[in-house]
Amino acid sequence: MALLLPLAAPAAAPDQPAWEEWVLKIEVTRSDGKKELGSGVLVAPERLLTNCHVVRNAKEIKVSSAQASWLASTQSGDTFRDLCLLRLPGHPGKPAPIADPGQTQVGHPVQAVGYSGGTFTVTQGHIKGLFTCACDGGRVIQTSARFDPGASGGGLFNDKGELVGILTFKSRSGGIFHFAIPIGWMKQLPALPASDIPDQGPFWENPSRNSGYFLTACDLSARKKWQELARLALEWVREDPFNPQAWMASGRGNLGLGRVREAIGDFQKVLELDPTHGEALWELQKLELELGEPLTGH
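Residues numbered from 1 in each chain as written. Predicted model: local features only at pLDDT ≥ 70, side-chain atom pairs only at ≥ 80, totals over all residues. Heavy atoms only, no water.

1. Description of the overall build of the chain
Each helix and strand counted, the chain has six helices and 12 strands in total. Looking at the chain as a whole, 52% of its 298 residues qualify as buried. Here the contacts in the chain between residues at least 6 apart in sequence split such that 60% fall between residues at least 24 apart. For the chain, the accessible surface area stands at approximately 13700 Å², while carbon and sulfur atoms represent 50% of it. (Helix = DSSP H or I, 4+ residues; strand = E, 2+ residues; numbered from the N terminus. Buried < 20%, exposed > 50% of the residue type's maximum accessible area, 1.4 Å probe, protein only. Contact = heavy atoms within 4.5 Å. Areas by Shrake-Rupley, 256 points an atom, 1.4 Å probe, with all protein chains shown as cover.)

Encoded structure:
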């Protein structure tokens, strides 16, 4: 898939992923003098992909590895989708291999790689959800691989060492609600202005139905507001009945309320729509053990 010029063709994933060559630290000095840390992923020769919120209002952008540092500038960006491409003149490294976005599935193992708190960190997890939103063109990835401030703009990699997403945000309510922007959104960047990027704020900054039911659903789930989650999921299912994540939210809400049979039906509907959905299968397998009856058809 052609993503960005001058992107190199995806390389074969190495036996030992070169995390520290692909994922670099970003130090931003803002126009008001404040300093912030973030991360970025090398996606082409002398090109670094990061979140726009990392480099927002930047007066200076310094990018560094363990061996050297470089000054960067913004080439193009989409602040609503929260992806910005930086020029990195003089950087000698090779870009990370990039996954086919269509191959990403719920349940797949992943690694979150970035500079959490300014320290290079790799955490293990798996994909817990894939969500559509008003952004179109790809699905936001929820992962159980944890990351903290400073890792925004870092990479989410599959078990082949291929880049599947850019670490971006987590639920303000805590819990295992960490999200990455799909790498497929990178293809939108070439058509955008090369400078003077308008800042309309990222889609995830103010969770609402307009930015995607899933943001509100995840927030309610993190706070264990099961009644509110069940009501939201009912509305979501009516509006988008073929979305497995809508039924997954309904299942979590019903399970939280003790409505086990309704939850079972919801999780079974998820697998009907997406037989690869590992989270729904896991919930049904747990309920099989509790109830002592087959629920998954296996």
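2. Concerning the pattern of salt bridges
Taken as a whole and assessed by the stated rule, the structure comprises eight salt bridges. Note that R81 and D78 form a salt bridge whose closest N and O atoms lie 2.7 Å from each other. Each member of the pair, R81 as well as D78, is classed as buried. Put simply, D148 and K170 hold a salt bridge, and the shortest N to O gap is 2.8 Å. Placement of D148 in the loop between β9 (140-143) and β10 (155-158) and of K170 in strand β11 (residues 163-170) is noted, with a sequence separation of 22 residues between them. (Salt bridge = Lys/Arg side-chain N within 4 Å of Asp/Glu carboxyl O.)

3. Points about unusual backbone geometry
Positive phi is not limited to glycine here, since E46 has a value of about 60°. Residue class for E46 comes out partly exposed when judged on its relative accessible area of 30%. For N57, which is not glycine, the phi torsion reads 55° and is therefore positive. Mapping N57 onto the fold places it in the loop between β3 (47-50) and β4 (58-64). For N57, a relative accessible area of 54% corresponds to the exposed category.

4. Let's talk about the state of the cysteines
The tally for this structure, following the rule as stated, stands at one disulfide. Disulfide partner of C52: C84, at an S-S distance of 2.1 Å. Torsion about the S-S bond of the C52 and C84 cystine: about 100°, corresponding to right-handed handedness. Note that C52 is positioned in the loop between β3 and β4 and C84 in strand β6 (residues 83-87), a separation of 32 residues in sequence. C84 matches C52 in its accessibility class, with the two residues each being buried. (Disulfide = S-S within 2.5 Å.)

5. Thoughts on the nonpolar core
Residues V41, L49, F157, F179, F203, F214 and W236 are the most contacted members of the largest nonpolar core, which totals 52 residues. With six residues, the single largest contributor to this core is helix α2 (residues 213-222). When neighbours within four sequence positions are excluded, F214 is seen to be in contact with F131, T132, C133, V140, F179, F203 and W236. Formed by 15 residues, the second largest nonpolar core is a distinct cluster that contains L24, I26, V55 and A72. (Core = buried A, V, L, I, M, F, W, Y, C linked by side-chain atoms within 4.5 Å.)

Limitation: the analysis is restricted to geometry and does not speak to function.
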